[in-house]
Amino acid sequence: MYYHLILTDACNLCCSYCRAKDFEESDPPEREAEVDENIPSDLAFDLAGLYRFLGEDPAPVLTFYGGEPLLRSDLIEEIMEHAPPCRFMIQTNGLLLHRLERDIVNRFSTVLVSVDGPAALTDAHRGAGVYATVMKNVRALRTGGYAGELIARMTADEETDIEAAVLHLDGIEENPFSAIHWQIDANFWGDWRRRDFARWAERSYNPGIRRLVRRWVGEMEGGRVPRWYPFLGCMADLLSGQESRLRCGCGYTNYTVMTDGTIVPCPCMAGMKEWYFGHVSTTAPADLRVAPVGEPCTTCDIAGFCGGRCLYSNILRPWPAEGRSVVCGTVRNLRDALVGAVPTVRRLIDAGVVSTEDFAFERYNGCEIIP
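On a predicted model such as this, the values are computed, not experimentally measured, just so you know.

A. Highlighting the sheet that holds strand β4 (residues 108-114). The mixed open sheet is built from eight strands, whose spatial order is β6-β5-β4-β3-β2-β1-β7-β8. Pairing within the sheet leaves two strands with one partner each, and these edge strands are β6 (179-184) and β8 (263-264). Sheet analysis places strand β2 (residues 61-65) next to strand β3 (residues 87-92), joined by four bridges and oriented parallel. Paired with leucine 62 across the two strands is phenylalanine 88, which belongs to β3. Set on the sheet, helix α6 (residues 162-170) makes contact with β5 (149-156) and β6; between it and β5 the angle comes to about 160°. Here helix α7 (residues 197-221) sits on the sheet in contact with β5 and β6, set at roughly 160° to β6.

In structure tokens, the structure reads:
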């Protein structure tokens with residue numbers, strides 16, 4: 001199974017779609033959750049419990065997470081040195097990648113780095129000079145011999161031209177990134193009334209996705225399948241006829257360990273007491289209960305394609321029904337565009353231009369797939 005380990009709640013950035021929202025007024029969610037106010041800001045439990053827990057999983061994958069996990073590079077090095085056999089990943093803003101020794105970095109199977117597209121867009125959301133520093137550090141990763149998957153992990157909102165942003169990251173000269181993923185800033189915070197999301201989705205995002213799918217298939221005509229995760233993951237299942245549960249895996253194969261060792265289904269659900277599933281010092285991985293996605297997702301006609309999008313959003317419903325409907329519309333738009341591309345993709349596979357192996361990917365690696 002896959003586990004996110006929150007090393008610290010601290011972060012060295014205050015991104016507009018993340019920490020900055022703590023300073024904004026928030027509308028109450030449709031459903032309330034009892035929140036634990038006593039979670040330590042940094043990891044504060046005996047690591048022996050973590051090692052025992054991981055040792056009871058035959059093939060664990062541990063993703064270092066925050067806040068910004070590289071603020072606790074000391075813990076990363078200690079855990080990678082002493083944990084039982086395990087694969088490691090990290091999700092980071094990329095500013096502190098230089099803190100890790102080369103032999104440590106090169107042990108990661110996947111590194112997910114937050115970057116939103118071109119410099120102007122990234123810096124507008126994340127701070128002046130962030131893009132340049134991130135690019136310097138990810139290039140240094142490759143120069144240092146890192147051969148794993150390096151994913152550019154975008155956040156998209158009303159400032160994002162999704163087509164231009166993805167094509168920028170895909171077209172970087174001597175590109176260090178091997179894949180791109182994006183997540184829409186939608187239905188995570190009580191900010192629907194202050195947003196222009198519906199107009200952006202209709203006029204910019206949805207048309208941009210349709211154009212991007214055409215571009216994606218166009219690249220296949222030349223024998224390359226770009227690793228754009230929202231397309232890659234969904235197309236792989238469309239080709240095989242496989243339906244999917246919640247595509248991020250949260251609550252059934254992907255869990256999160258909080259800074260006090262408590263286990264919850266998803267990083268966004270840290271502190272939600274109703275969803276405490278145990279503790280690394282006393283719980284066995286096989287005993288973790290499942291957190292199912294509820295209505296209206298379970299009876300939706302495209303449930304097998306979407307899987308539910310987001311467990312946290314499904315439970316709390318931060319946006320009203322009007323807003324949730326617009327978000328669901330972006331998923332339907334994605335599905336329609338990809339379903340329309342399936343015949344061409346099959347033709348290219350049958351002709352040997354691309355192969356089904358080109359659509360292989362590691363599930364539950366931190367890419368939610370459905371944006």
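B. Up close: unusual backbone geometry. A cis amide bond links glycine 66 with the next residue in sequence, glycine 67, at an omega value of 20°. With a phi close to 50°, glutamate 174 is a non-glycine residue in the positive phi region. Considering the arrangement of structural elements, one finds glutamate 174 in the loop between α6 and β6. Judged by its relative accessible area of 70%, glutamate 174 falls in the exposed class. Phi angles above zero are rare outside glycine, and arginine 317 is one such case at about 55°. Inspection of the secondary structure assignment puts arginine 317 in the loop between α10 (311-316) and α11 (321-350). Looking at arginine 317, the relative accessible area reads 12%, which means it is buried.

C. Inspection of the environment of asparagine 365 at higher detail. Of note, asparagine 365 is situated in the segment after α11. For the pair asparagine 365 and tyrosine 3, spaced 362 residues apart in sequence, the C-alpha separation works out to 9.7 Å. Apart from residues lying up to four places away in sequence, asparagine 365 is in contact with Met89, Leu112, Glu149, Ile151 and Tyr229. A distance of 3.1 Å separates a polar atom in the side chain of asparagine 365 from a polar atom in the side chain of tyrosine 229.

D. Summary view of the pattern of salt bridges. Taken as a whole, this structure holds 26 salt bridges when the rule is applied. Between arginine 215 and glutamate 163 there is a salt bridge; the shortest N-O distance is 3.5 Å. Placement of arginine 215 in helix α7 and of glutamate 163 in helix α6 is noted, with a sequence separation of 52 residues between them. Judged by its relative accessible area of 45%, arginine 215 is partly exposed. Sharing partners across several salt bridges, the network here consists of Lys21, Glu158, Asp185, Asp191 and Arg195.

Rules of the game
- Residues numbered from 1 in each chain as written.
- Predicted model: local features only at pLDDT ≥ 70, side-chain atom pairs only at ≥ 80, totals over all residues.
- Heavy atoms only, no water.
- Pairing = 2+ DSSP bridges.
- Helix = DSSP H or I, 4+ residues; strand = E, 2+ residues; numbered from the N terminus.
- Contact = heavy atoms within 4.5 Å.
- Axes fitted to C-alpha atoms, helices over the stretch in contact; angles between N-to-C directions.
- Buried < 20%, exposed > 50% of the residue type's maximum accessible area, 1.4 Å probe, protein only.
- Polar contact = N/O pair within 3.5 Å; in protein donor to acceptor, adjacent residues only side chain to side chain.
- Salt bridge = Lys/Arg side-chain N within 4 Å of Asp/Glu carboxyl O.

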